[in-house]
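Architecture and fold: a report
Each chain, letter by letter, is given below.
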Amino acid sequence: MNGRMRAVAVILALAFLAAFSLEMRAGGQGSGGARSSGTMITGKVYTFEKIADGVYYTTSDSPMATGGNHTIIVGDRDVFLVDAGATPAAGRALLEDMKLITDKPVRWVVNTHFHWDHTNANSIFGPDVQIIGHEFVRHMLADGDIIHREPFKTSLANMPMQVDALKKQVADEKDPARRATLEKQLAAKQADWEEYKNIKPTPPTMTYSSKMTIYQGQREIQLLFLGRGHTQGDTIVYLPKERIVCTGDMMETQPAYMGDAVFDEWIVTLDKLKEMNFDTALPGHGVPFHDKSLITAYQSYLKDLMTQVAALRKQGVSADDAAKKVDLTSHKSDFSQIQGPGAEVRGVRRLYEWMDEHSR
Ligand SMILES: [Zn+2]
């Protein structure tokens, strides 16, 4: 790689890192998302927000935690965990930090869907822990070769660039304190990269197809398949008494990854989510939200994307060019992560594929 190409690569990597932070961290906050004033308990990697008695929501700014947010449901005897984490190291860090809120063991883990950032830490749990997922999650993790497909493929492929970009930042940083922080981030990223190369997909040990109810002492925990959408097997975790719903990536407070979407059904499934009786929604990425109008706003984002992409496709524009041309900035007031025109390319490629399947 010559000097100029290298400079371009570093700039691209930095841009990706910025986008990656937006995509993966809890920082993004649309108008419907709000930081509640619940008690916050801060561990080494994760911060726990108390949502209700025995119900905590995690966020993290640490480069260790490149996965989604977790909901932790503490019962009389054990813990029910929503999503496993992006790497075994992230999962272990979560278990370590969880000692700040409970000494009870994790007995249940639900994978809200098959994507790596929610399932890669499945492997750290022993035989005394049941990993539950929709039967589609089991199918994808057992037979889907998720290591060689999106969204993991790009995440793995981007790792060397991210490591290089951080190395350059470390080299350029003059301030010793900031340099030390960057060095820690670099070490975490390098460790992540090693783990990413050695990920062993671990499928759920227990599956369901439309509804499963777990009684954790007095607490009722429902696992619901409301329909296809974000993927073909997303689970919504519902606590009817607490009126809390964990939406996974079916509904985030930021635009979700769309590379496995079933677009028209997603909008219908979100209607079903809106019909549910809840006060607080805890998404797989982003922040807790309370207002169902955010779901309507996301439906309108999806519809707008579908309309614009259909028109571009009709004009003979390629999927990759369409991803640059679509303009969803009118949804910025609901999803502040939208910085300018364009949409995530893997989502638009999937939308083309979906439109081909439906020959529209
Ligand atoms: Zn996710």
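Residues numbered from 1 in each chain as written. Predicted model: local features only at pLDDT ≥ 70, side-chain atom pairs only at ≥ 80, totals over all residues.

What to know about the sheet that holds strand S10 (residues 219-224)
If you walk across this open sheet you meet the 5 strands as S9-S10-S11-S12-S13, and the pairing is mixed. The two strands at the open ends of the sheet, each matched to only one other strand, are strand S9 (211-216) and strand S13 (280-283). For this sheet the average axis-to-axis angle between neighbouring strands, irrespective of direction, equals 20°. Pairing geometry for strand S11 (residues 236-239) and strand S12 (residues 244-248), over 3 bridges, is antiparallel. (Pairing = 2+ DSSP bridges. Helix = DSSP H or I, 4+ residues; strand = E, 2+ residues; numbered from the N terminus. Axes fitted to C-alpha atoms, helices over the stretch in contact; angles between N-to-C directions.)

Some thoughts on the environment of serine 210
You can see serine 210 is positioned in the loop between strand S8 (206-208) and S9. Taking C-alpha positions, serine 210 is 9.1 Å from threonine 235, a pair spaced 25 residues apart along the chain.

Section: the nonpolar core
Of all hydrophobic cores here, the largest spans 79 residues; its most connected members are Leu81, Ala90, Val109, Ile236 and Val237. Among the elements that make up this core, the one with the highest residue count is helix H8 (residues 293-314) (6 residues). Leave out the neighbours within four places in its chain, and valine 237 touches Thr71, Val82, Val110, Ile221, Leu223 and Cys246. (Core = buried A, V, L, I, M, F, W, Y, C linked by C-beta atoms within 7 Å. Buried ≥ 20, exposed ≤ 12 C-beta atoms within 10 Å, placed from the backbone. Contact = placed C-beta atoms within 7 Å.)

Focus: the environment of lysine 184
Counting through the fold element by element, lysine 184 comes out in helix H6 (residues 176-197). Judged by the 14 C-beta atoms lying within 10 Å of it, lysine 184 is partly exposed. Sequence separation of lysine 184 and serine 62 is 122 residues, and the distance between their C-alpha atoms is 10.0 Å.

Things to note about the packing of H8 against helix H10 (residues 345-357)
At a closest axis distance of 11 Å, the pairing of H8 and H10 adopts a crossing angle of 70°. Regarding the angle of H8 to H10, the classification is roughly perpendicular. Residues Met306, Val309, Ala310 and Arg313 of H8 form the contact with H10, whose participating residues are Val348, Leu351, Tyr352 and Met355. (Parallel < 35°, antiparallel > 145°, perpendicular 65-115°, else oblique.)

Describing H8
One full turn of an α-helix is made of 3.6 residues, so residues set three or four places apart face in the same direction. With 22 residues, H8 should cover 32 Å at 1.5 Å per step; its first-to-last C-alpha distance of 32 Å lies within 8% of that length. Looking at H8, one finds that the buried residues are Leu294, Tyr298, Leu302, Leu305, Val309 and Leu312. Down the axis, H8 shows its buried residues gathered within 100° of arc, on one side only. Away from the buried face of H8 by more than 90 degrees, exposed residues Thr307 and Lys314 are located. Packing partners of the buried residues in H8 comprise helix H7 (263-275), helix H9 (319-325) and H10. Downstream of H8 by one or two residues, glycine 316 has phi in the positive range, about 85°. (Expected span 1.5 Å × (residues − 1). Arc of directions from axis to C-beta.)

Details of unusual backbone geometry
Cis geometry is found at the peptide bond from glutamate 150 to proline 151, where omega equals 5°. Of note, the phi angle at aspartate 83 is positive, near 75°, even though the residue is not glycine. Here aspartate 83 shows up in the loop between strand S5 (79-82) and helix H2 (88-98). Phi at aspartate 145 takes a positive value of approximately 50°, unusual for a residue other than glycine. Along the chain, aspartate 145 falls in the loop between helix H4 (135-143) and helix H5 (152-172).

Brief notes about the confidence of the model for the chain
Reading predicted coordinates in detail is not appropriate for stretches of low pLDDT. Averaged over all residues, the pLDDT of the chain is 89; the fraction at 70 or higher stands at 89%. Across residues 5-34 the pLDDT falls below 50, and counting only partners more than four positions away or on other chains, this stretch makes 58 contacts in the model. (pLDDT = per-residue confidence, 0-100.)

Re the sheet that holds strand S4 (residues 71-74)
Overall, mixed pairing links the 8 strands, which are arranged S1-S2-S3-S4-S5-S6-S7-S8 in an open sheet. The open sheet has two edge strands with one neighbour each: strand S1 (40-42) and S8. Across the sheet, the mean angle from the axis of one strand to that of its neighbour is 25°, orientation sign disregarded. Strand direction decides the pairing type here: strand S3 (residues 55-59) and S4, joined by 3 bridges, are antiparallel. By the bridge assignment, tyrosine 57 is partnered in S4 with threonine 71.

As for H5
Here H5 contains 21 residues, and its C-alpha end-to-end distance of 30 Å stays within 8% of the 30 Å for a straight helix at 1.5 Å per residue. At methionine 159, H5 shows its maximal bend, which comes to roughly 35°, and the proline proline 160 appears one to four places after that position. For H5, every residue scored as buried is listed here: Phe152, Ser155, Gln162, Ala165 and Leu166. (Bend = angle between axes of the 7 residues up to and from the residue.)

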